[in-house]
Amino acid sequence: MQQMLEKTAERLCVAVTSDWPKTAMNSIELSVTTGFDGASGYVNPQQKFYDEENDDRSPYQSLFVCGALIIQLKSLSNPKYLWNNPTPQSYRFFRPLKIAHQKEDNEMALEEYNRLGEEIKHLKPFKFTMGKGVTVMVEFSVSRTLFDGKNVNAIVGNKATQRCPMCLITSHNFNNQNVFIPKEGSLSHGLGLLHCEIKIFDHLLHIAYKQEVKVWDVTKNIKESVDLYAGQVRDRLYNAFKIRVDQVIQGKGTSNNGNLARKFLDRPKDFANALDIDEELVCNLATITKVYRSALEIEVEELKKFSDFTYKLHYIKYPWARMNPSMHKILQHGPDIVRQFPMPVAFYAEDALESMHKIHRETIREHSRRNSRENAILDTFNRAVYLSDPILSMVYLDRRREMHKKRPLTNDITRFLKPGQWTDPEDRSNED
Ligand SMILES: [Zn+2]
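Conventions used here
- Residues numbered from 1 in each chain as written.
- Predicted model: local features only at pLDDT ≥ 70, side-chain atom pairs only at ≥ 80, totals over all residues.
- Heavy atoms only, no water.
- Salt bridge = Lys/Arg side-chain N within 4 Å of Asp/Glu carboxyl O.
- Buried < 20%, exposed > 50% of the residue type's maximum accessible area, 1.4 Å probe, protein only.
- Domains from an automatic or database assignment.
- Contact = heavy atoms within 4.5 Å.
- Buried area = accessible area lost by both parts, 1.4 Å probe.
- Polar contact = N/O pair within 3.5 Å; in protein donor to acceptor, adjacent residues only side chain to side chain.
- Axes fitted to C-alpha atoms, helices over the stretch in contact; angles between N-to-C directions.
- Helix = DSSP H or I, 4+ residues; strand = E, 2+ residues; numbered from the N terminus.
- Left-handed = near helix turned anticlockwise from the far one by under 90°.
- Expected span 1.5 Å × (residues − 1).
- Core = buried A, V, L, I, M, F, W, Y, C linked by side-chain atoms within 4.5 Å.
- Pairing = 2+ DSSP bridges.
- Donors = N, O, S within 2.8 Å, 3.2 Å for Na, K, Ca; no water.
- Tetrahedral: all angles 85-135°; square planar, octahedral: opposite > 155°, others 65-115°.
- Nonpolar A, V, L, I, M, F, W, Y, C, P; charged D, E, K, R; others polar.

1. Topic: the pattern of salt bridges
According to the stated counting rule, one finds 22 salt bridges in the structure shown. A salt bridge links Asp 270 to Arg 267, with the nearest nitrogen and oxygen atoms 3.0 Å apart. The exposure class assigned to Asp 270 is partly exposed, which follows from its relative accessible area of 34%. By relative accessible area, Arg 267 is classed as partly exposed at 36%. Three or more residues are tied together by salt bridges with common partners; here these are Lys 98, Glu 112, Arg 115 and Glu 119.

Below, the structure written as structure tokens:
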């Protein structure tokens, strides 16, 4: 981690501080957030490596990915000078720390979490000289938030998946209490925004599927009618959005992912209409996810009131439905999680880490040597290094920014955001 952060700091300083004065360079802080994720399905049964001694390729089916997402570069001597990651959801600023053919389980997740903690504890400030003889001193600020629900459960030791990892209350009791007090330290693992979006989407689908029978646990005698109705809901969604949802992919669950969930939550009225469920509930949930996605500072108290209201609304409209822990987490603990971090939670989301799996699959398939497993994984790591190189990424982003204009914020979400909190580099006055 030390070496990767040093290299990152050096390259990022070259990429983004060309207009910073010398005095701002004395002392700089690089903030990143780390985490890990495993995925399966990496093996192509057709592909044989020259050094393979037997046909057992099962160890290579899983790839464990650990890395650091760049959040911010800030001058500590002159805090007016700062640079925020313009695309925190993109792999362009996701620096690899470790990849391994290793199957992810609870024990390993905890071990890796602690290993990251040890490395963070031993990080040292880094001093280097830039062009024109400017000496730069960089300190590192490292969080650990890039986790899905499964890994957070492993880290906090929550063995029941139907239990909230923050307050340890089970989903059966989400409707019976008014206060959910998080266990100490549990909020520092971040929101897991991407997975919350997917889980909210899933939950709304299931309310729609089951609203005829008004029973959450589908037993044998009602399964047929629920399945039939679910088919009709999926058809209505397809007619409205031209997207097929809940397609089963063998060995991988369903086709529902973050992109798909966002496409529906971007048009909440049409989504509610196609699901034939309460429009206010769907719109509120869509608003809440958009507020968290925004890179602006959040009006936490406003959002808390709105989230509490939405939580109650859910159980008033659908008392028979059982919220999943991720949806409970974003509504009940989201505002408190926001308070844990100096930057908006959008900067701590796990999208970039998730998209690395796609990149690595592509690398293993097309951009790595086939002569040995070791070379293949080395090439995979190295490609992740240069794909996330700050200088190259900035060039790439500048080109893309010319093609895409930013979408303006809409009124429904601006009431939860503090305006003008972030210094936009373009707007910075030229005083020195
Ligand atoms: Zn909870």
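2. Some words on the domain arrangement of the chain
What the domain assignment reports for the chain is domain 1 (2–49 + 58–147 + 350–425) and domain 2 (165–339). Between the C-alpha centres of domain 1 and domain 2 there is a distance of 29 Å. Taken together, the contact pairs 18 residues of domain 1 with 22 residues of domain 2. Roughly 2000 Å² of surface becomes buried between domain 1 and domain 2 when both sides are summed, with 55% attributable to carbon and sulfur atoms. The tally of links from domain 1 across to domain 2 stands at three salt bridges. At the junction of domain 1 and domain 2, the tally comes to seven residue pairs in polar contact (both at pLDDT 80 or more).

3. Points about the packing of helix α9 (residues 279–293) against helix α10 (residues 300–317)
Close contact between α9 and α10 brings their axes to 10 Å; oriented N to C, the two are set at 145 degrees. Our pair here, α9 against α10, has a crossing hand that is left-handed. Every residue of α10 that contacts α9 at Glu 280, Leu 281, Asn 284, Leu 285, Thr 287, Ile 288, Val 291 and Tyr 292 is listed here: Leu 303, Phe 306, Ser 307, Phe 309, Thr 310, Leu 313 and His 314.

4. Focus: helix α4 (residues 149–156)
Of all the positions in α4, only Asn 151, Val 152, Asn 153, Ala 154 and Ile 155 are classed as buried. In this structure, the buried residues of α4 make contact with β1 (27–39) and α3 (106–121). One or two residues past the end of α4 sits Gly 157, with phi positive at roughly 75 degrees.

5. A closer look at α10
Residue pairs spaced three or four apart in an α-helix point in one direction, given the helix's 3.6 residues per turn. In a regular helix each residue adds 1.5 Å, so 18 residues correspond to 26 Å; α10 covers 25 Å between its end C-alpha atoms and thus fits that length. All buried positions along α10 are accounted for by Val 300, Leu 303, Phe 306, Ser 307, Thr 310, Tyr 311, Leu 313, His 314 and Tyr 315. Residues of α10 that are buried make contact with α5 (193–210), α9 and α11 (325–339).

6. Notes on the nonpolar core
Proteins that are soluble and globular tend to have nonpolar side chains buried together. Counting residues in hydrophobic clusters, the biggest one holds 108 residues, and the most contacted among them are Leu 204, Leu 237, Phe 271 and Tyr 292. Sorting elements by how many residues they give to this core places α5 first, with nine residues. A domain-level breakdown of this core finds at least three residues from each of domain 1 (2–49 + 58–147 + 350–425) and domain 2 (165–339). Counting 15 residues, the second largest nonpolar core, distinct from the first, contains Ala 39, Leu 63, Phe 94 and Ile 359.

7. A word on the pairing of strand β6 (residues 135–146)
On any regular strand, side chains alternate: one points to one face of the sheet, the next to the other face. Pairing analysis gives nine bridges linking β1 to β6, with the strands arranged parallel. Residue Ser 27 lies in a different strand from β6, and its bridge partner there is Met 137. When strand β5 (residues 126–129) meets β6, the two strands line up antiparallel, connected through four bridges. Paired with Phe 128 across the bridge in β6 is Val 136.

8. A look at the coordination of the zinc ion
Coordination of the zinc ion by the protein is provided by Cys 164 (SG), Cys 167 (SG), His 328 (NE2) and His 333 (NE2), with metal-donor distances spanning 2.0 to 2.3 Å. Considering all four donor atoms around the zinc ion, the spread of angles at the metal, 106 to 117 degrees, places the coordination shape in the tetrahedral class.

9. Here's the deal with the packing of α9 against α11
The interhelical angle for the contact between α9 and α11, taken along N-to-C directions, is 35 degrees, at an axis separation of 12 Å. Judged by the sense of rotation from one axis to the other, the crossing of α9 with α11 is left-handed. Facing α9, whose interface residues are Leu 285, Ile 288, Thr 289 and Tyr 292, α11 presents Met 327, Ile 330, Leu 331, Gly 334, Pro 335 and Val 338. Split into classes, the residues belonging to the contact of α9 with α11 amount to eight nonpolar, two polar and no charged.

10. With respect to the environment of Trp 320
You can see Trp 320 is positioned in the loop between α10 and α11. Note on Trp 320: relative accessible area 17%, which makes it buried. In sequence terms Trp 320 and Lys 214 are 106 residues apart; their C-alpha atoms lie 6.1 Å from each other. Sequence-distant contacts of Trp 320, that is, excluding residues within four places in its chain, are made with Ile 207, Lys 210, Gln 211, Lys 214, Val 215 and Trp 216.

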